[in-house]
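For reference, the chains in residue letters:
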Amino acid sequence: MTTPKQPIANISDAEAIELWGTLIKAVGLTNRNLQKQLRDQFGLNEAEVDTLIELGGRVEGRATLTELARSAAFTSGGYTKVTDRLCDRGLVRRTAHTSDRRVTELELTAEGCKMADELRALVAEINRRQFIEVIGLERARSVAQTLEEIRLANQ
């Protein structure tokens, strides 16, 4: 847990706005470039990519719909459309939770496992090239840690 920082009184409104704008523009542009490459190569939108990457990073290759929706910042109702598209493509299947049959999980199919592995490899490569190599590994770790502090402070 991070300790709250004291307000900075000696920064102008213009600079405060400019600092945030610079961050948003850099992250936004980099993410748009990444998502375009993924859409062009795999025909998946951002939520579908996030779902496959999340499932591909789990040893068992499965998670509850609630966990996945929360991870993607979706409502469970909105997330149903993402799930339907992935099921229609044969990349995931709905299954009953192992210990509570009332809970639905998504599980990668064999084709989904293959695509998740390909996605994870491509995203890692793109992140290396467009983020880590640009600023260096230590600064990339520092930026990630700082952004995590911001996320935690604002959730």
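Calculation rules
- Residues numbered from 1 in each chain as written.
- Predicted model: local features only at pLDDT ≥ 70, side-chain atom pairs only at ≥ 80, totals over all residues.
- Heavy atoms only, no water.
- Helix = DSSP H or I, 4+ residues; strand = E, 2+ residues; numbered from the N terminus.
- Buried < 20%, exposed > 50% of the residue type's maximum accessible area, 1.4 Å probe, protein only.
- Contact = heavy atoms within 4.5 Å.
- Areas by Shrake-Rupley, 256 points an atom, 1.4 Å probe, with all protein chains shown as cover.
- Lys, Arg positive; Asp, Glu negative; His and termini not counted.
- Charge placed at Lys NZ, Arg CZ, Asp CG, Glu CD.
- Expected span 1.5 Å × (residues − 1).
- Core = buried A, V, L, I, M, F, W, Y, C linked by side-chain atoms within 4.5 Å.
- Bend = angle between axes of the 7 residues up to and from the residue.

Quick word on the overall build of the protein
Looking only at helices and strands, the protein features six helices and three strands. Counting from the amino terminus, helix and strand elements in the protein follow one another as α-α-β-α-α-β-β-α-α. Taken along its principal axes, the extent of the C-alpha atoms in the protein is 55 × 35 × 25 Å. Residue burial in the protein is summarised as follows: out of 155 residues, 26% are buried. Summarising the internal contacts of the protein: among those between residues at least 6 apart in sequence, 54% fall at separations of at least 24. Looking at the protein as shown, the accessible area adds up to about 10700 Å², and 54% of this sits on carbon and sulfur atoms. Mean positive and mean negative side-chain charge positions of the protein (22 and 23 charges, respectively) differ by 2 Å.

Notes on helix 1 (residues 13-42)
The end-to-end C-alpha distance of helix 1, which contains 30 residues, comes to 42 Å, matching closely the 44 Å that a straight helix rising 1.5 Å per residue would cover. Residues G28, L34, Q35, L38 and F42 constitute the buried set of helix 1. On its buried face, helix 1 is in contact with helix 2 (46-56) and helix 5 (110-135). Immediately downstream of helix 1, the backbone of G43 shows phi near 65°, a positive value.

Section: the nonpolar core
With 26 residues, the main nonpolar core has L38, L44, L52 and L119 as its most contacted residues. Of all the secondary structure elements, the ones that give two or more residues to this core are helix 1, helix 2, helix 3 (65-71), helix 4 (76-88), strand 3 (104-108) and helix 5. Per-element tally for this core: the top contributor is helix 5, with six residues. Apart from the residues lying within four places of it in its own chain, the contact partners of L119 are L38, F42, L44, V49, L52 and I53.

A few points about helix 5
In this model, helix 5 (26 residues) spans 37 Å end to end at C-alpha, consistent with the 38 Å of a helix rising 1.5 Å per residue. Along helix 5, the largest kink reaches about 40° and is centred on R128. Of the positions making up helix 5, those classed as buried are G112, M115, A116, L119, L122, V123 and I126. Contacts made by the buried residues of helix 5 are with helix 1, helix 2 and strand 3. Remark: G136 follows helix 5 within two positions and exhibits a positive phi of approximately 90°.

Some remarks on the environment of V82
As for its placement among the helices and strands, V82 is situated in helix 4. For V82, a relative accessible area of 2% puts it in the buried group. In sequence terms V82 and E148 are 66 residues apart; their C-alpha atoms lie 26 Å from each other. Excluding residues that lie within four positions of it along the chain, V82 makes contacts with A47, E48, T51 and F74.

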